[in-house]
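Structural overview
The residues making up each chain are set out below.
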There are 2 protein chains.
Amino acid sequence: MGGYQVDEATAEEIEAERATYGPLAEALRRLNDLSIRTLVGAEQVAEATALLEQAAAVLSAEVDPEPYGVRFSKLVGGGRNWGNSVVGVRNPVAPPLTITHQGGVSSSDFELGAQYEGPPGFVHGGVTALLLDQMLGEAAAATGRPGMTGTLTIRYRKPTPLGRLSAEARVDRVEGIKTYAVGHIAGPDGVCAEAEGVFILPRWARDKDAPRRFE
Amino acid sequence: MGGYQVDEATAEEIEAERATYGPLAEALRRLNDLSIRTLVGAEQVAEATALLEQAAAVLSAEVDPEPYGVRFSKLVGGGRNWGNSVVGVRNPVAPPLTITHQGGVSSSDFELGAQYEGPPGFVHGGVTALLLDQMLGEAAAATGRPGMTGTLTIRYRKPTPLGRLSAEARVDRVEGIKTYAVGHIAGPDGVCAEAEGVFILPRWARDKDAPRRFE
């Protein structure tokens, strides 16, 4: 597995990586949507697919055998989880969400298209769960208590429409190694789904004075 | 929204649609993975991105303004939810899962790559929830009790590794309009996460003898 990697990337190198690979992921997000909604016929689809195979050949010339993982620079603050399924800037499966943290609340505004459909016209209930898991986990981490999800519960109040949406999350309470986070996702007509999650503080983070153990 | 659509597609037309658009989605799944793992430099990435933009131009010539929805043919059994985020054959975001139903158990074997990563080397906890929501929903529908998710609870037993995985789901019990389904996702070392979901029978399905109301 990719694991947590520590490197010495400079701010300039990180921005250069973003500038190189970000537009590639953006082009693929547009294509992921077109794959579902295009009405062109077999001949044009074959032409487009041939172009995609050419692009894949170019990108396949040198490939990391591992997934992206999470990378930290000794020189710049913050981790790069650029392969992450929700926020990864290099992951075309991710919408991606940009999550900000202020005053104890983590929030995000975003748009979901045809790729995220479950019931006709509505966001897949599992996509709602996917996004809320990330939101709640980031809210826990933002208070200095990162963790793996222990339990996640989603209550669906009404169907979430595709389109412009927002999400919020915050820490509700802390009990020992457990951080309880809550949040919701909302559409134009208010809250559509609510979430509660329990995040378990990893062993290496339990005693700040102890030597860091990655278990 | 796309809605539930009824058409008169023949078995041959449905297979032709699958043969045309399925390989397009497959090519994009491969590219979604390469977007994260490619190590080629800026020049090659720009070359690949230009090819993707050409492909997007071809596919954009005629586009459905709506998401795919779920389509039923008067002539052939079964719905086509080909835009679905988990099982959609035209959706490159979907792995996609192929789910079979036998002896009251719904099951699926599948592989998850770098696009589905959360913690380094592991499946995103929210992706686990996404897949289990679909598994449980299909298990409920397979017993003749379709429904929108009311509540979904995931208990994470251990991290789910990327790679070859399997999932199972079944109906646990029925209480009035509520169908309780349970399931799990397992890796090479056993069960990684368990799920329970409540699925609410839609009004149009509550009385088989009543005129069908789509509300």
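For the structure itself, look to the data block above.
All of the points below concern the structure found in this document. (Residues numbered from 1 in each chain as written. Chains lettered and ligands numbered in written order. Predicted model: local features only at pLDDT ≥ 70, side-chain atom pairs only at ≥ 80, totals over all residues. Heavy atoms only, no water.)

Some thoughts on the packing of helix H1 (residues 11-37) of chain A against helix H1 (residues 11-37) of chain B
We apply this condition: Fitted lines through C-alpha atoms serve as axes, helices being fitted only where they are in contact, and the angles separating the N-to-C directions of these axes extend from 0 to 180 degrees. Segments assigned H or I by DSSP are reported as helices when at least four residues long, segments assigned E as strands when at least two residues long, and all are numbered from the N terminus. Should an angle lie under 35 degrees it is considered roughly parallel, over 145 roughly antiparallel, and from 65 to 115 roughly perpendicular; all remaining angles are considered oblique. Rotating anticlockwise by less than a right angle from the far helix to the near helix defines a left-handed crossing, while the corresponding clockwise rotation defines a right-handed one. Two residues qualify as a contact provided that any one of their heavy atoms is within 4.5 Å of a heavy atom in the partner residue.
Contact geometry of H1 of chain A with H1 of chain B gives a least axis separation of 10 Å together with a crossing angle of 160°. By the criterion of interaxial angle, the relationship of H1 of chain A to H1 of chain B is roughly antiparallel. In the crossing of H1 of chain A with H1 of chain B, the sense of the turn from one axis to the other is left-handed. Facing H1 of chain A, whose interface residues are Leu24, Ala25, Leu28, Leu31, Asn32 and Ser35 of chain A, H1 of chain B presents Leu24, Ala25, Leu28, Leu31, Asn32 and Ser35 of chain B.

Describing the interface of chain B and chain A
How large an interface is tends to be reported as the accessible area lost when its parts come together. This is how the line gets drawn: What counts as buried area is the accessible surface, traced by a 1.4 Å probe, that two parts surrender upon association, with contributions from both included. A pair is scored as a salt bridge if a Lys or Arg side-chain nitrogen falls within 4 Å of a carboxyl oxygen belonging to Asp or Glu. Whenever two N or O atoms come within 3.5 Å, that pair is a polar contact, provided that in protein one can donate a hydrogen and the other can accept it, and provided that, for residues adjacent in sequence, both atoms are side-chain atoms. Think of it as three bins: nonpolar holds Ala, Val, Leu, Ile, Met, Phe, Trp, Tyr, Cys and Pro, charged holds Asp, Glu, Lys and Arg, and polar takes everything else, Gly as well. For two strands to be treated as a pair, DSSP must find no fewer than two bridges joining them.
Contact with chain B, which involves 82 residues of that partner, is made by 82 residues of chain A. Here chain B meets chain A over a buried area of about 7,300 Å², counting both sides, of which 66% is carbon and sulfur. Summed over the shared surface of chain B and chain A, the result is 0 salt bridges. Along the contact surface separating chain B from chain A lie 37 residue pairs in polar contact (both at pLDDT 80 or more). Only H1, helix H2 (42-59), helix H3 (125-142) and strand E6 (148-156) of chain B provide two or more residues apiece to the side of chain B that touches chain A. Looking at the side of chain B that touches chain A residue by residue, the classes come out as 45 nonpolar, 27 polar and 10 charged. Across 5 bridges, strand E6 (residues 148-156) of chain A lies against E6 of chain B in antiparallel orientation. Opposite Leu152 of chain A, over in E6 of chain B, you have Ile154 of chain B as the bridge partner.

Points about the sheet that holds strand E2 (residues 70-73) of chain A
Strand pairing within a sheet occurs via backbone hydrogen bonds; the two strands may be parallel or antiparallel. All names here are of chain A. The strand order E1-E2-E3 describes an open sheet built from 3 strands, whose pairing is mixed. The open sheet has two edge strands with one neighbour each: strand E1 (4-7) and strand E3 (79-80). Bridge analysis of E2 against E3 gives 2 bridges, and the strand direction is antiparallel. If you follow Arg71 over to E3, its bridge partner there is Arg80.

Remarks on the pattern of salt bridges
Put simply, the test is: Per-residue accessibility, obtained with a 1.4 Å probe over protein chains only, is compared with the maximum for each type, and a residue is labelled buried under 20%, exposed over 50%, and partly exposed between these values.
Tallied over the entire structure, the rule returns 26 salt bridges over all chains. Ionic pairing is found between Arg173 of chain A and Glu196 of chain A, a salt bridge with its closest N-O pair at 3.7 Å. With a gap of 23 residues between them, Arg173 of chain A in strand E7 (residues 163-175) and Glu196 of chain A in strand E9 (residues 190-200) connect regions that are remote in the sequence. With a relative accessible area of 32%, Arg173 of chain A lands in the partly exposed category. Residue Arg90 of chain B is joined to Glu17 of chain B by a salt bridge in which the shortest nitrogen-to-oxygen separation is 3.0 Å. Taken together, the residues span a long stretch of sequence, with Arg90 of chain B in the loop between strand E3 (79-80) and strand E4 (100-102) and Glu17 of chain B in helix H1 at a distance of 73 residues. For Glu17 of chain B, a relative accessible area of 14% translates into the label buried. Via salt bridges that share partners, Arg170, Asp172, Arg173, Glu175 and Glu196 of chain A belong to a single interconnected network.

Quick word on helix H2 (residues 42-59) of chain A
What counts is decided by this rule: Helix span is expected to be 1.5 Å times the residue number reduced by one.
An ideal rise of 1.5 Å per residue puts 26 Å on 18 residues; H2 of chain A measures up with 25 Å between its terminal C-alpha atoms. Along H2 of chain A, the residues that are buried comprise Val45, Ala48, Thr49, Leu51, Leu52, Ala55, Ala56, Val58 and Leu59 of chain A. Where H2 of chain A is buried, its residues touch H1 of chain A together with H1 and H2 of chain B.

As for the sheet that holds E3 of chain B
With mixed pairing, the 3 strands of this open sheet are ordered in space as E1-E2-E3 (chain B). With partners counted over all chains shown, the strands left at the sheet margins are strand E1 (4-7) and E3 of chain B, one partner each.

Considering the relation of the copies chain B and chain A
As a reminder, the rule being used: What sets the superposition is a least-squares fit of C-alpha atoms, and only residues with pLDDT of at least 70 in both copies go into it.
Note on the copies: chain B fits chain A at an RMSD of 0.0 Å, the axial shift is 0.0 Å, and the rotation between them is 180°. The two molecules are tied by a two-fold rotation axis, judged by turn and shift. Among all residues of chain B, the one whose C-alpha sits closest to the rotation axis is Thr153 of chain B, at a distance of 2.1 Å. Taken as a fraction of all interface residues of chain B, those also at the interface in chain A reach 100%, which identifies the copy contact as same-surface.

Quick look at the side chain of Thr128 of chain B
Residue and element names in this part refer to chain B. Checked against the element boundaries, Thr128 lands in helix H3. Accessibility expressed as a relative area gives 1% for Thr128, which makes it buried. Residue contacts for Thr128: discarding those within four places in its chain leaves Val123, Tyr156, Thr160, Ile185 and Ala193.

Take it as geometry only, folks, not as evidence of what the structure does.
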